[in-house]
Amino acid sequence: ESGLITLDPGFKNTGSTKSAITFLDGEQGILRYRGYNIEDLAEKSNFLEVSYLLIYGELPTQEQYDQFANEITYHTLVHEDIKKILDGFPSVAHPMGVLSSLICSLTAFYPTSLDPNRTEEEIKLSIVRLMAKLPTFAAWAYKNKMGHPANYPDNRLDYCSNFMKMMFALPAEKYEVDPIIAKALDKLLILHADHEQNCSTSTVRIVGSSQASIYASISAGINALWGPLHGGANQSVIEMLEAIKEDGGDTKKYLDKAKDKNDPFRLMGFGHRVYKNFDPRAKIIKKAADDVLGKLGVNDPVLEIAKELEEAALNDQYFVDRKLYPNVDFYSGIIYRALGIPTDMFTVMFALGRLPGWIAQWKEMRENNEPIGRPRQVYTGANERSYVTMGDR
Ligand code: SDX
């Protein structure tokens, strides 16, 4: 076929779509959802309101907000048959794998979601189901790992309190959600809610471009997010900081490892494809870490190690030359840990936050009737050759 193919591995210089949802300026370190600065939203808004903003494009009136929140509240219950899928997982199953499977099972449950002519109402309902059931599935994934009974949602609680209660309540004792914890979690979810065409969002869009259901598309996004170079980094950061602590806190040794081309070790939580300045989310999370740990009276030695590492990297030529700054994952795990969330649930927390962004991007792609994603390649394989029978090989 004639015509030049532009090869761009990792799409470093390729725009895949036009989008009105999130604006990033990597040089200035700017992040805006539908035009609102992330600093404003993190300070003044809440996760459900930000979810509405991302999905529907405007900040909701009180009436729109209440309706959105109520619809979500009254769709938190999950069909008991889906619980049978959960019961089939061994406790060794990683929570991200359980979460992506449970979300994908909604496609089997609601096959109409595959119908390209599904009504606006049906799409709206599938959005509500996802927002309502992902926290339940996430908490169930954790309970499955712990060998504890799965909890049902409590519709009297707000979004984050309901999630924390499903995560940590046990039959044998009363569980009260600490409002400091619920508020800190709400802010973290806002900060993760969308980030234009990152790896997992591009995955959601390309899977959705085949007219796969929104549940299947989000499930694909969860799996893309799981990788250590992407959402899995928040888990790798804590593992790295723990290793440095165990190793006597020698941050310089790990900086040198990160710079050594022969050593696959990377400074996890550092660097970003778009931000060549501070990730604005990292700044907010770093401040929130001091604030939340202080309020909870938690003294986590890895917080000091993280700050030392950041300070050392920002004054190291290798990192300065490559414009490597802390990203959203560098400090988030320290807060999750202070909230009592275990390390292998950190990427699940990222998915919980990113859900409204994935939904908004999937919805925009479908509303714009974008064509199925099908890139080309530069072929480098064998020239034409004839089949050789086994005896002659
Ligand atoms: C997220 O895209 C998004 O928006 C993602 C995200 C979102 O909200 O969706 O922001 C969330 O995924 C944040 C990133 C989390 N990942 C990590 O923290 C993993 C560590 N970071 C790196 O692997 C890397 O920085 C990436 C993956 C984030 C970006 O990779 P790029 O843009 O492909 O950059 P690169 O790998 O080509 O690196 C450029 C140079 C290389 O050195 P040279 O070959 O030029 O000599 O910088 C070096 C790299 O070796 N480098 C690092 C490094 N990151 C880049 N060296 C040491 N430690 C690092 N962390």
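Computed from a prediction, not measured in an experiment: that's the story for all the values here.

So, how was this worked out
Residues numbered from 1 in each chain as written. Predicted model: local features only at pLDDT ≥ 70, side-chain atom pairs only at ≥ 80, totals over all residues. Heavy atoms only, no water. Helix = DSSP H or I, 4+ residues; strand = E, 2+ residues; numbered from the N terminus. Buried < 20%, exposed > 50% of the residue type's maximum accessible area, 1.4 Å probe, protein only. Contact = heavy atoms within 4.5 Å. Areas by Shrake-Rupley, 256 points an atom, 1.4 Å probe, with all protein chains shown as cover. Lys, Arg positive; Asp, Glu negative; His and termini not counted. Charge placed at Lys NZ, Arg CZ, Asp CG, Glu CD. Polar contact = N/O pair within 3.5 Å; in protein donor to acceptor, adjacent residues only side chain to side chain. Near = heavy atom within 4 Å. Nonpolar A, V, L, I, M, F, W, Y, C, P; charged D, E, K, R; others polar. Phe/Tyr/Trp six-rings, centres within 6.5 Å; stacked < 30°, edge-to-face > 60°. Lys NZ or Arg CZ within 6 Å of the ring centre and 35° of its normal. Pairing = 2+ DSSP bridges. Disulfide = S-S within 2.5 Å. UniProt positions renumbered as here; feature names shortened; annotations may be inferred. Patch = residues over 30% accessible without salt bridge, like charges linked within 9 Å, V, L, I, M, F, W, Y side chains within 5 Å. Salt bridge = Lys/Arg side-chain N within 4 Å of Asp/Glu carboxyl O. Axes fitted to C-alpha atoms, helices over the stretch in contact; angles between N-to-C directions. Parallel < 35°, antiparallel > 145°, perpendicular 65-115°, else oblique. Left-handed = near helix turned anticlockwise from the far one by under 90°.

Chemist: Would you mind showing me how to read the overall build of the protein chain here?
Modeler: When helices and strands are counted, the protein chain shows 17 helices and 3 strands. The principal-axis extents of the C-alpha atoms in the protein chain amount to approximately 75 × 55 × 50 Å. Within the span of the protein chain, comprising 393 residues, buried residues form 51% of the whole. Contacts in the protein chain between residues far apart in sequence, at least 24 positions, make up 76% of those at least 6 positions apart. When the accessible surface of the protein chain is summed, it comes to about 19,200 Å², and 52% of that surface belongs to carbon and sulfur atoms. Across the protein chain, the centroid of the 44 positively charged side chains sits 3 Å from that of the 52 negatively charged ones.

Chemist: What am I meant to see in helix α7 (residues 159–168) here?
Modeler: Three or four residues apart is the spacing at which side chains of an α-helix point the same way, because the helix has 3.6 residues per turn. Most of α7 is tucked away: 9 of the 10 residues are buried. Turning to α7, its buried residues are Y159, C160, S161, N162, F163, M164, M166, M167 and F168. Those residues of α7 that are buried lie in contact with α2 (47–56), α3 (62–73), α6 (120–146), α8 (179–191) and α17 (346–367). N-capping of α7 is provided by D158, with a side-chain oxygen placed 3.1 Å from the backbone N of C160.

Chemist: Explain the site of the ligand here, please?
Modeler: Contacts to the ligand come from 24 residues, most closely from H195, R266, H272, R273 and R281. The separation between a nitrogen atom of the ligand and a polar main-chain atom of L267 is 2.8 Å. Bound to the protein, the ligand loses 79% of the 1,000 Å² it would expose on its own. Among the residues forming the shell around the ligand, the class breakdown is 9 nonpolar, 7 polar and 8 charged.

Chemist: I tried to follow the packing of aromatic side chains on my own but got confused; where do I start?
Modeler: Here a ring pair, both rings aromatic, is described through the centre-centre distance and the interplanar angle of the planes. In this structure the tally under the stated criterion is 17 aromatic pairs. Seen from their ring centres, F278 and Y325 are 5.1 Å apart, and the 50° between their planes marks the pair as tilted. Remark: Y325 occurs in the loop between α15 (317–321) and α16 (329–338) and F278 occurs in the loop between α12 (251–259) and α13 (280–296); sequence separation between them is 47 residues. Owing to a relative accessible area of 25%, Y325 belongs among the partly exposed residues under this scheme. In this arrangement the basic side chain of R129 is found over the ring face of Y110, its NZ or CZ atom lying 3.5 Å from the centre. Directly above the ring of Y318 sits R322, whose terminal nitrogen or CZ lies 3.8 Å from the centroid.

Chemist: Help me understand the environment of D290, please; the structure alone is not making it clear to me.
Modeler: Positionally, D290 belongs in helix α13. Here D290 falls in the partly exposed class, since its relative accessible area comes to 38%. Excluding residues that lie within four positions of it along the chain, D290 makes contacts with L303 and K307.

Chemist: Explain the sheet that holds strand β1 (residues 22–25) to me, please; I cannot follow it from the model alone.
Modeler: The strands that make up a sheet are held in pairs by hydrogen bonds between backbone atoms, and each pair lies either parallel or antiparallel. The sheet built from 3 strands is open, its strands ordered β1-β2-β3 with antiparallel pairing. Because the sheet does not close on itself, it has two edges, and the strands there are β1 and β3 (36–37). Across 2 bridges, the pairing between strand β2 (residues 30–33) and β3 is antiparallel. The residue of β3 that forms the bridge with R32 is N37.

Chemist: Just checking my understanding: could you explain the state of the cysteines for this structure?
Modeler: Structurally, a disulfide amounts to a covalent bond that connects the sulfur atoms of two cysteines. For the coordinates displayed, the defined rule picks out 0 disulfides. Lacking any disulfide linkage, C199 is separated from the closest cysteine sulfur, that of C104, by 17 Å. A residue is classified by how much of its surface remains accessible, and C199, at 46% relative accessible area, is partly exposed.

Chemist: What should I look at first to understand the UniProt feature "active site" (unreviewed entry) in the protein chain in this one?
Modeler: Mapped onto the present numbering, the UniProt feature "active site" (unreviewed entry) falls at H272 and D329. Spatial clustering of the annotated residues is evident: they stretch over 58 residues in sequence, but the largest pairwise C-alpha distance comes to 10.5 Å. Take H272: it is sitting in the loop between α12 and α13. With relative accessibility at 23%, the residue H272 sits in the partly exposed group. When near neighbours in sequence (up to four residues on either side) are disregarded, H272 contacts H195, D279, R281 and N327. Engagement of the side chain of H272 in a polar contact is seen with the backbone nitrogen of V274, the distance being 2.9 Å. The contacts of D329, once residues within four sequence positions are left out, are H230, G231, A233, N234, V237, G269 and F350.

Chemist: Sorry, what's going on with a positive patch on the surface here?
Modeler: On the surface, K12, K261, R266, R273 and R322 cluster together to form a positively charged patch. Relative to the elements of secondary structure, K12 occurs in the segment before β1.

Chemist: Explain the packing of α13 against helix α14 (residues 301–314) here, please?
Modeler: What describes two packed helices is the angle between their axes and the distance between those same axes. Running from N to C, α13 and α14 cross one another at 160°; their axes reach a closest spacing of 12 Å. Here α13 is positioned roughly antiparallel relative to α14, judged by the angle of their axes. The handedness of the crossing between α13 and α14 comes out as left-handed. Residue-level contacts link K286, A289, D290 and L293 of α13 to L303, K307 and E310 of α14. Partitioning the contact of α13 with α14 into residue classes produces 3 nonpolar, no polar and 4 charged.

Chemist: So what exactly am I meant to see when it comes to the pattern of salt bridges here?
Modeler: Opposite charge on two side chains makes pairing possible when the charged atoms of those side chains draw close. Under the criterion given, the structure shown has 23 salt bridges. The closest approach of N and O atoms between R205 and E364, which form a salt bridge, is 2.4 Å. Taken as a pair, R205 in helix α9 (residues 199–208) and E364 in helix α17 lie far apart in primary sequence, 159 residues in all. With respect to class, R205 is no different from E364; both count as buried. A salt bridge links K259 to D316; the shortest N-O distance between them is 2.6 Å. Here K259, found in helix α12, pairs with D316, found in the loop between α14 and α15; they are 57 residues apart in sequence, far enough to count as distant. Beyond isolated ion pairs, a larger network of salt bridges with shared partners links E242, K245, D300 and R337.

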